[in-house]
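Close look at the chain arrangement
Listed below are the residues making up each chain.
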Amino acid sequence: MRSRLVAFFAALCLFLAAAEYAIPKPLPFLRLGLTNLPVILALHKLRRREVLLLVLLKVAGQGIVSGTLFSYVFVFSAAGSLASALAMLTVHVLGKSAVSAVGLSLAGALANNLAQLALARHLLFGAGTRYIAPILLTAGLISALLLGIFTERFMRASRWYAALPQPTAKGTDA
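Presented here is an overview of the structure given in this document. (Residues numbered from 1 in each chain as written. Predicted model: local features only at pLDDT ≥ 70, side-chain atom pairs only at ≥ 80, totals over all residues. Heavy atoms only, no water.)

**Overview of the packing of aromatic side chains**
Tallied over the full model, the rule gives five aromatic pairs. When the centroid spacing of 6.4 Å and the interplanar angle of 45° are considered together, the rings of Trp-160 and Tyr-161 count as tilted. On the basis of relative accessible area, Tyr-161 is assigned to the buried category, the value being 4%. Members of the aromatic cluster, joined through ring pairs, are Phe-8, Phe-9, Phe-154, Trp-160 and Tyr-161. Sitting over the face of the ring of Tyr-161, Lys-45 holds its NZ or CZ atom 4.8 Å from the ring centroid. (Phe/Tyr/Trp six-rings, centres within 6.5 Å; stacked < 30°, edge-to-face > 60°. Buried < 20%, exposed > 50% of the residue type's maximum accessible area, 1.4 Å probe, protein only. Lys NZ or Arg CZ within 6 Å of the ring centre and 35° of its normal.)

**Considerations on the pattern of salt bridges**
Applying the stated criterion across every chain yields a total of two salt bridges. Between Arg-47 and Glu-50 there is a salt bridge, with its nearest N and O atoms 3.5 Å apart. For Arg-47, a relative accessible area of 21% corresponds to the partly exposed category. A salt bridge links Arg-156 to Glu-152, with the shortest nitrogen-to-oxygen separation between them at 3.4 Å. Of this pair, Arg-156 and Glu-152 both sit in helix H6 (residues 129–157), four residues apart, which is roughly one turn of the helix. (Salt bridge = Lys/Arg side-chain N within 4 Å of Asp/Glu carboxyl O. Helix = DSSP H or I, 4+ residues; strand = E, 2+ residues; numbered from the N terminus.)

**A short note on the side chain of Ser-84**
By secondary structure assignment, the location of Ser-84 is in helix H4 (residues 72–95). Only 3.2 Å separates the side chain of Ser-84 from the backbone oxygen of Gly-108, close enough to count as a polar contact. Contacts of Ser-84, omitting those with residues within four sequence positions, involve Asn-36, Gly-108, Ala-109, Ala-111 and Asn-112. (Polar contact = N/O pair within 3.5 Å; in protein donor to acceptor, adjacent residues only side chain to side chain. Contact = heavy atoms within 4.5 Å.)

**Some thoughts on helix H1 (residues 2–22)**
Here H1 contains 21 residues, and its C-alpha end-to-end distance of 31 Å stays within 8% of the 30 Å for a straight helix at 1.5 Å per residue. Those residues of H1 that fall on the buried side of the exposure criterion are Arg-2, Leu-5, Val-6, Phe-9, Ala-10, Cys-13, Leu-16, Ala-17 and Glu-20. With its buried residues spanning 135° around the axis, H1 presents them on a single face. More than 90 degrees from the buried face of H1, the exposed residues found are Ser-3, Arg-4, Phe-15 and Ala-22. The inward-facing, buried residues of H1 contact helix H2 (36–43), helix H3 (48–66) and helix H7 (159–163). (Expected span 1.5 Å × (residues − 1). Arc of directions from axis to C-beta.)

Quick look at the structure:
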């Protein structure tokens, strides 16, 4: 059951990645972050190791869907996704039930954007990164807020999600 749940969440990431790439963007590097929805949902239903596997599948899948698998864009996506996942996992573990999906989404977006800005500064733009930082951070936090609100409402209303098993105590430590 657990491997099927990882696969289901990964497939949902791929579907949302394809949907997101079909949405026109005002700037090429701005994304809504829809593929973080399954990751936030998975935080409550999967073990940490399974969440990290999900994120690796998400990153690879997004690279394939977008056609960027062997490009610098993939490196930015991977760095942002991994930073986001680690931030959300940390906040989830430390905050337990005190942190909502909104908080998780905001923590993930901030970590994603900071990782990508750090890469942009060191690999592409140098000090010029400061000009795109406000746009990236503002757009990221707004979309994360909206995604977090949607995810929180979904988690409360969905009977399907409520019926999914919780991770066992054995697997909660890694």
